[in-house]
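# Understanding the architecture of this molecule
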Amino acid sequence: MRTRGPGAGTRGALAWAVPAVVSLATAPGARAADAVPPAYPAGFSSFQANCAVCHGPAGAGLPALAPPLLSYPARYAASVEGRRQLALTVLYGMIGDISVDDKHYNFQMPDFARLEDATLAATLNFVVFDLGHAPADLKPLTTGEIAGERGLALDGAAVREHRKSVAPNGS
Ligand code: HEC
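Nothing here was measured: the structure is a model prediction, and the numbers come from that model. (Residues numbered from 1 in each chain as written. Predicted model: local features only at pLDDT ≥ 70, side-chain atom pairs only at ≥ 80, totals over all residues. Heavy atoms only, no water.)

### Looking at the overall build of the chain
Keep this limit in mind: Put simply, DSSP H or I for four residues or longer makes a helix, DSSP E for two residues or longer makes a strand, and each gets a number counted from the N terminus. Three labels apply to residues, based on accessible area from a 1.4 Å probe with only protein chains included: buried if under 20% of the type maximum, exposed if over 50%, partly exposed otherwise in between. In this analysis, two residues are considered to be in contact whenever any of their non-hydrogen atoms come within 4.5 Å of each other. In these tables, accessible area is a Shrake-Rupley quantity obtained with a 1.4 Å probe, and a residue counts as shielded only by the protein chains included in the view.
Tallying secondary structure elements over the chain gives eight helices and two strands in all. Overall, the chain shows an N-to-C arrangement of helices and strands of α-α-α-α-α-β-β-α-α-α. The buried share among the 171 residues of the chain stands at 37%. Contacts in the chain between residues far apart in sequence, at least 24 positions, make up 66% of those at least 6 positions apart. As displayed, the chain has an accessible area near 9800 Å², and 65% of this comes from carbon and sulfur atoms.

Here it is, written out as structure tokens:
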């Protein structure tokens with residue numbers, strides 16, 4: 001091997017390095033997916049495509065920018081107004097100061113009204129059940145619960161106002 005010259009040596013090194021880099025880059029996601037396949041695979045895909053850029057691939061959020069989705073959405077899903085709040089958030093977005101687990105976030109979430117009802121329901125179910133570990137006897141969000149909130153005269157500020165009625169600490 002070593003006597004073949006620098007060209008062969010370089011190719012050898014690259015052949016080793018490239019798979020190593022690729023496997024380092026994909027290992028955490030691959031391990032998580034291997035360990036527990038998501039209960040809502042379509043929601044998982046949609047979440048990675050539409051939400052992960054701000055909320056992170058596992059929903060941990062970004063400090064001071066986008067809130068974590070690991071506990072509040074699962075709590076919202078246990079009440080009628082909380083379920084509406086989840087649908088309103090993805091349909092109309094949200095803007096303004098909120099607090100989650102006593103940490104403040106004040107940025108803007110865009111609306112995702114362009115996505116289909118079934119996609120939005122699956123995405124929220126991924127958040128509530130796969131990320132939030134809501135109890136399995138909780139009813140998954142339905143396409144009807146999304147469709148029923150479309151066409152309202154609401155914007156991200158109004159969605160934040162409505163949030164006060166369902167947030168654990170009222171803010
Ligand atoms: C551009 C960044 C961005 C993207 C993309 C994004 N969000 Fe958000 N999201 C935010 C921000 C910022 C907030 C908080 C808004 C505020 O500060 O008023 C938020 C809030 C939320 C909340 C409310 C949490 C609570 O405690 O009330 C939910 C639920 C949520 N996002 C889900 C999603 C889902 C599902 C998607 C994908 C369909 C998504 N987000 C995409 C930035 C984003």
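### Some points on a nonpolar patch on the surface
Selection rule: Here, patches come from residues exposed beyond 30% relative accessible area and free of salt bridges, joined within 9 Å for like charges and within 5 Å for nonpolar side chains (Val, Leu, Ile, Met, Phe, Trp, Tyr). Here a salt bridge means any side-chain nitrogen of Lys or Arg lying within 4 Å of a carboxyl oxygen belonging to Asp or Glu.
Together, Leu62, Leu65 and Phe107 make up an exposed nonpolar region whose accessible area comes to about 270 Å². Mapped onto the secondary structure, Phe107 falls in strand 2 (residues 103-109). What makes Phe107 partly exposed here is its relative accessible area of 48%.

### Quick word on the pairing of strand 2
Two faces, one strand: in a regular strand the side chains alternate between the faces of the sheet. Note the cut-off: At least two bridges found by DSSP between two strands are what make those strands a pair.
One ladder, built from seven bridges, connects strand 1 (residues 94-100) with strand 2; its direction is antiparallel. The residue bridging Met94 from the neighbouring strand is Met109, located in strand 2. Count of turn residues in the strand 1/strand 2 antiparallel hairpin: two residues, of which Asp101 carries a positive phi of about 50 degrees.

### What about the environment of Leu69?
By secondary structure assignment, the location of Leu69 is in the loop between helix 3 (52-55) and helix 4 (72-76). When its relative accessible area of 15% is taken as the criterion, Leu69 is described as buried. With sequence-adjacent residues up to four places away left out, Leu69 is seen in contact with Phe47, His55, Gly59, Val127 and Leu131.

### Some remarks on the side chain of Asn125
For the record, the criterion: Within 3.5 Å is the distance limit for a polar contact, defined as a pair of N or O atoms, with the added protein rule that one can donate a hydrogen and the other accept it, and that residues adjacent in sequence qualify only through two side-chain atoms.
Inspection of the secondary structure puts Asn125 in helix 6 (residues 117-131). A polar contact of 2.8 Å, which involves the side chain of Asn125, links it to the backbone nitrogen of Leu141. Ignoring sequence-local partners within four residues, the contact set of Asn125 consists of Tyr40, Asp130, Pro140 and Leu141.

### So, the site of the ligand
In plain terms, the rule: By convention in this text, a residue qualifies as near a molecule or strand provided that one of its non-hydrogen atoms is within 4 Å of it. Residue polarity follows a fixed list, in which Ala, Val, Leu, Ile, Met, Phe, Trp, Tyr, Cys and Pro are nonpolar, Asp, Glu, Lys and Arg are charged, and the others, Gly among them, are polar.
In the vicinity of the ligand, 27 residues are found, and the nearest of them are Cys51, Cys54, His55, Gly96 and Met109. One of the backbone N or O atoms of Phe107 is found 3.3 Å from an oxygen atom in the ligand. Arg163 has a polar side-chain atom sitting 2.7 Å from an oxygen atom of the ligand. Sorting the residues of the shell around the ligand by element identifies helix 3, helix 4, helix 5 (80-92), strand 1 and strand 2 as the ones contributing at least two each. Split by residue class, the shell around the ligand holds 19 nonpolar, seven polar and one charged.

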